[in-house]
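For reference, the chains in residue letters:
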Amino acid sequence: MQLLAYARSVRFWVAGFFLSIAVVPLHAATGVPDWVRTAAHQTLPNFPETTKAVVLLDETTYTIAPNGTAIEHVRHVVKILRPQGREYGYPSVWFDKDSKVLSMHVWSIDPAGHEYALKDNEIQEFSPPGDGELYSDDKAKVADPPGRDPGGIVAFEYEERERPYLAETNWFFQEDIPRLTQSFTLVLPPGYTYTTTWAHHPQTVGIDLENHRYRWDMNNEPAIDLEHVPMRPASRSLEARMTIHYAGPGMAVPQDGTWQGIGEWYYGLSHDRLTTTPEIAAKTAELTQGKTDFYDKAEVIGEFVQQKIRYFVIEMGVGGYQPHAAGDIFRGRYGDCKDKAALLSAMLSSAGIHSAMLMVDTDRGVVDPDDPSIVGDHMIGAIEIPQGYESPKLHSVVTAKTGKRYLIFDPTWDKTPFGQLENNLQGSYGVLIEGTNSQVLQLPVLDPKLNTIRRSASFQLDADGTLKGTVTEKRFGDLAEYERYLFTHEDAKKQQEYMDRVVAEDFTAPSLTGLKGENADMLNKDMTTSYVISASHFASASGPLLMVRPRVLGTLAIPVDHEKRKVDIDLRQTMQANDDFDIELPPGYTVDELPDPVKVDFGFASYESSTEFHGQTLHYRRIYTQREISLPVEKYPELRKLAGIIGADEQSLVVLKRK
């Protein structure tokens, strides 16, 4: 869904684009504007050694015409500081059939001080590569100026006519490199008004320049550099932005800067696309025949859209926002996220069930409840639950301000069981598209028992240290996603190669045979994998003693570091893991020393394990439960402590001796 323009991945696409074409050699030229030279000669602060590049200047002027159309004028200057910063030196401007780049100019100054000005024919037109699931008319004007080396300067200036059906613009004034001098100027025609909202930054009042001109300055903004931060949140969930909504007598679809206004705007774009057709009604009746329970009817419809409508994106102009008609989606059997959500709504309506679309972002934290905007990249469904209806199958449920309850379901995520919600959306916010009842909702965090991995195994240990046994692994929820894909989309060779890599993390030169997968396409049943494994040198000898690791396979290691934590911790998901292993000792051996049992509970997660010896068998058991999806910075010491406890337990040894 095109609710957020292509972001930083453009840098890598553009880099690959210029590697694939012949670039016309450039000669030094005059004509570099004074504003570029002024920005280039300013004294830089002391940045960390890892800083790749810095934005020296970024000026945006957004001018709205009396009929509501807008022209954006931008000046941008960046300095490359390290070789890894060359990717920031590709000027680019995105457009589609509903917008137009009116002008673009590019200059550069190489590290030796030579100045360059690109000609119009040296600015290329670029279309991002598709991945087999995308057709879009988004394009970009891009350039590969000389001097993109440490110490070099790249500058560009452009003017673009914006899409005519939007009454919102977003100023993103923070990113993964620092920004020194930047401003945003809004120019309004007489009779127009505007509002601002802010995400991840305190609200700032604009300077009134008179004559309906307003400017905001945001200087010395630090980088949000998360490259080496473990368990990091999405950078877009931290980067500051300002959203401007505007309205006036020439606007066809004004916005008032509220979530209700956003919802009403999108409701106007989408409502007539959710209309059912005779073909949709007939299929819905076929699917729900004999079913009277709300959940049963909603489930069979949801699974049809989830599994039988192929994900494929066709975005042209307003089509990046507006879904196609439900009838067209049904006949073609394909669509993108907003198309699948639209068809889901139409089919549910045929079954007498009301639903609404829900605008979200695939990165938790990007949709900010304090910043009403169309910043987001995904659309899912909100299925209204009948008043008084209860069922233990209802898991992903929210309650709106109207008192209505909704079951949140994503028909695009084809490996998530109906009634649940993928982990990256849990705890985030979404915009419920319900006309005048539109509002922002926080999505639920699910019970850890809905996202599980359970390993059980029986092994035999030989006196020479060889371990042999049979392993069964049962997964449910998001933890089963990749295995379900593996056993429904890949051949036996790929399945074997993947499992060989997995077990190689815990064994030296293991042999895995008899690999079998069950229930891969049955999302409401455990994804079950079983195999036989043999590994030599699993136990190590020390004189008359044998040392054996009771936690035979599978790690729950938490990737922490010992740096000072500056951002919140993304635990990714709630989940529960259970390991249950039996190891039959070789004849003539008994236990000399067992690890101590472990039992800790930090609130956000708990861990317990025990190793016992009965008869001639070692029994190892552990349970890890993660109850939260994110933690504040101050919890990092506790997380480090938990990581140390788990790591020590995973490496603990049982000492065996001869009887």
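These numbers were taken from a predicted model, which means no experiment stands behind them.

The next subject is the overall build of the protein. Per the secondary structure count, the protein includes 10 helices and 38 strands. The C-alpha atoms of the protein give 29 Å as radius of gyration, which agrees with the globular expectation for 659 residues (26 Å, within 12%). Oriented by its inertia axes, the alpha-carbon framework of the protein measures out at about 95 × 70 × 45 Å. Scored against the burial criterion, the 659 residues of the protein give a buried share of 54%. Within the protein, residue pairs in contact and separated by at least 24 positions form 75% of the contacts whose partners lie at least 6 positions apart. Working note: accessible area of the protein is about 28800 Å², and carbon and sulfur atoms make up 50% of it. In the protein, which carries 66 positive and 93 negative side-chain charges, the distance between the mean positions of the two groups comes to 3 Å.

Among the residues of helix H4 (residues 278-288), Ile280, Lys283, Thr284, Leu287 and Thr288 are the ones counted as buried. The arc that holds the buried residues of H4, viewed along the axis, is 120°, so those residues lie on one side. In H4, those exposed residues whose orientation departs by more than 90 degrees from the buried face are Pro278 and Glu286. Positive backbone phi, at 80°, marks Gly290, one or two positions downstream of H4.

Where helix H8 (residues 481-489) contacts helix H9 (residues 492-504), the axes come no closer than 8 Å and their chain directions differ by 145°. Each of Tyr482, Glu483, Leu486 and Phe487 in H8 lies in contact with H9, whose residues at this interface are Lys494, Gln495 and Tyr498. Here the residues of the contact of H8 with H9 are counted per class, giving 4 nonpolar, 1 polar and 2 charged.

The domain boundaries assigned to the protein delineate domain 1 (11-41 + 51-130 + 137-255), domain 2 (262-446) and domain 3 (449-658). Put simply, the middle of domain 1 and the middle of domain 3, counted by C-alpha atoms, are 48 Å apart. At the interface, 8 residues of domain 1 touch 12 residues of domain 3. The interface formed by domain 1 and domain 3 holds 3 residue pairs in polar contact (both at pLDDT 80 or more) in total.

Time to look at the nonpolar core. Grouped together as the largest cluster of nonpolar side chains are 54 residues, with contacts concentrated most on Phe459, Phe507, Val548, Val552, Tyr624, Leu642 and Leu656. What Leu642 contacts, discounting residues up to four positions off in sequence, is Ile558, Val600, Phe602, Phe604, Ala605, Tyr607 and Tyr624. Among the nonpolar cores identified, the runner-up in size contains 46 residues, and Leu166, Phe294, Tyr295 and Leu407 belong to it.

Our next topic: the packing of helix H5 (residues 294-308) against helix H7 (residues 337-350). Two elements in contact, H5 and H7, have axes separated by 10 Å at closest approach and are oriented at 150°. What the angle tells us is that H5 and H7 run roughly antiparallel. Our pair here, H5 against H7, has a crossing hand that is right-handed. Each of Ala298, Ile301, Gly302, Phe304, Val305 and Gln306 in H5 lies in contact with H7, whose residues at this interface are Lys340, Leu343, Leu344, Met347 and Leu348. When its residues are assigned to classes, the contact of H5 with H7 shows 8 nonpolar, 2 polar and 1 charged.

Right, let's get into the environment of Arg232. Turning to its location among the elements, Arg232 is positioned in the loop between strand E14 (213-217) and strand E15 (241-247). Here the alpha-carbon distance between Arg232 and Asp568, two residues 336 residues apart in the chain, equals 7.3 Å. With sequence-adjacent residues up to four places away left out, Arg232 is seen in contact with Leu226, Glu227, Arg565 and Asp570. Within polar-contact distance, the side chain of Arg232 engages the backbone oxygen of Val229 at 3.0 Å.

A few words on the sheet that holds strand E6 (residues 124-126). Read from one edge of the open sheet, 3 strands run E3-E8-E6, paired in antiparallel fashion. Pairing within the sheet leaves two strands with one partner each, and these edge strands are strand E3 (92-95) and E6. Averaged over all pairs of adjacent strands, the angle between their axes in this sheet comes to 25°, without regard to strand direction. In the sheet, E6 pairs with strand E8 (residues 139-142) via 3 bridges, with the strands oriented antiparallel. Bridged to Gln124 within E8 is Val142.

Take the sheet that holds strand E26 (residues 467-476) next. Taken together, 8 strands build an open sheet; the order of strands is E27-E28-E26-E25-E32-E36-E35-E34 and the sheet is mixed. Each edge of the open sheet is held by one strand with a lone partner, namely strand E27 (511-518) and strand E34 (598-601). Direction aside, the axes of adjacent strands within the sheet are offset by 10° on average. Note that strand E25 (residues 452-461) and strand E32 (residues 575-584) share 9 bridges and pair parallel.

Under the counting rule described, the total for this entry stands at 25 aromatic pairs. Here Trp35 and Trp107 contribute two aromatic rings whose centre-to-centre distance is 5.7 Å and whose plane-to-plane angle is 90°, an arrangement assigned as edge-to-face. Of the two residues, Trp35 sits in helix H2 (residues 34-40) while Trp107 sits in strand E4 (residues 100-109), which places them 72 residues apart along the sequence. As far as burial versus exposure is concerned, Trp35 and Trp107 are alike and both buried. The ring of Tyr90 has Arg148 sitting right over it, with the charged end atom 4.1 Å from the ring centre. Arg565 extends its terminal NZ or CZ atom over the ring of Tyr636, reaching a point 4.9 Å from the ring centre.

Bridge count for E4 against strand E9 (residues 153-161) is 9 bridges, and the pairing is antiparallel. What sits directly across from His105, in E9, is Glu157. Of the pairings in the sheet, the one linking E4 to strand E5 (residues 115-117) comprises 3 bridges and is antiparallel in character. Bridge assignment links Trp107 to a residue of E5, and that residue is Ala117. Counted between consecutive antiparallel strands, the loop separating E4 from E5 contains 5 residues, among which Gly113 sits at a positive phi close to 95°.

Rules used in this analysis
- All residue numbers here refer to positions counted from 1 along the written sequence of the relevant chain.
- Confidence filtering applies because this is a predicted model: local features only for residues at pLDDT of at least 70, side-chain atom pairs given and counted only at 80 or more, and all residues used for totals across whole chains, interfaces and linings.
- The basis for the side-chain values is all heavy atoms of the structure; hydrogens and waters are excluded.
- Runs of H or I in DSSP of at least four residues are treated as helices and runs of E of at least two as strands, each being numbered from the N terminus.
- Taken over C-alpha atoms, the radius of gyration is set against a globule rule of 2.2 Å times the number of residues to the power 0.38.
- Categorising residues by exposure relies on relative accessible area from a 1.4 Å probe, with only protein chains included: less than 20% of the type maximum marks a residue as buried, more than 50% marks it as exposed, and the intermediate range marks it as partly exposed.
- Here a residue-residue contact requires only that any non-hydrogen atoms of the pair lie within 4.5 Å.
- To be clear on the numbers: accessible area is Shrake-Rupley with a 1.4 Å probe, and residue cover counts the displayed protein chains and nothing else.
- Counting rule for charge: Lys and Arg are taken as positive, Asp and Glu as negative, and neither His nor the chain ends is counted.
- Think of each charge as sitting on NZ of Lys, CZ of Arg, CG of Asp or CD of Glu.
- To be clear, the arc concerns the directions from the helix axis to the C-beta atoms.
- A fitted line through C-alpha atoms serves as each axis, taken over the contacting stretch for helices, and the angle formed by two N-to-C directions is quoted from 0 to 180°.
- Under the scheme applied here, ten amino acids are nonpolar (Ala, Val, Leu, Ile, Met, Phe, Trp, Tyr, Cys and Pro), four are charged (Asp, Glu, Lys and Arg), and all others, including Gly, are polar.
- Either an automatic procedure or a domain database provided the assignment from which the domain bounds are taken.
- Polar contacts, as counted here, are pairs of nitrogen or oxygen atoms within 3.5 Å of one another; within protein the pair requires one atom able to donate a hydrogen and one able to accept it, and residues that are adjacent in sequence qualify only if both atoms are side-chain atoms.
- Definition of nonpolar core: a set of buried residues of the types Ala, Val, Leu, Ile, Met, Phe, Trp, Tyr and Cys, connected through side-chain atoms within 4.5 Å.
- Reported orientations rely on four angle classes, namely roughly parallel under 35 degrees, roughly antiparallel over 145, roughly perpendicular from 65 to 115, and oblique for the rest.
- In this scheme, a crossing is called left-handed if the near helix is turned counterclockwise away from the far one by less than a right angle; it is called right-handed if the turn is clockwise.
- At least two DSSP bridges between two strands are required for those strands to pair.
- Only centres within 6.5 Å qualify two rings of Phe, Tyr or Trp (six-membered ring in Trp) as a pair; their planes then separate them into stacked at under 30 degrees, edge-to-face at over 60, and tilted for everything else.
- Remark: a charge is flagged as sitting over a ring if the NZ atom of Lys or the CZ atom of Arg is within 6 Å of the ring centre and within 35 degrees of the ring normal.

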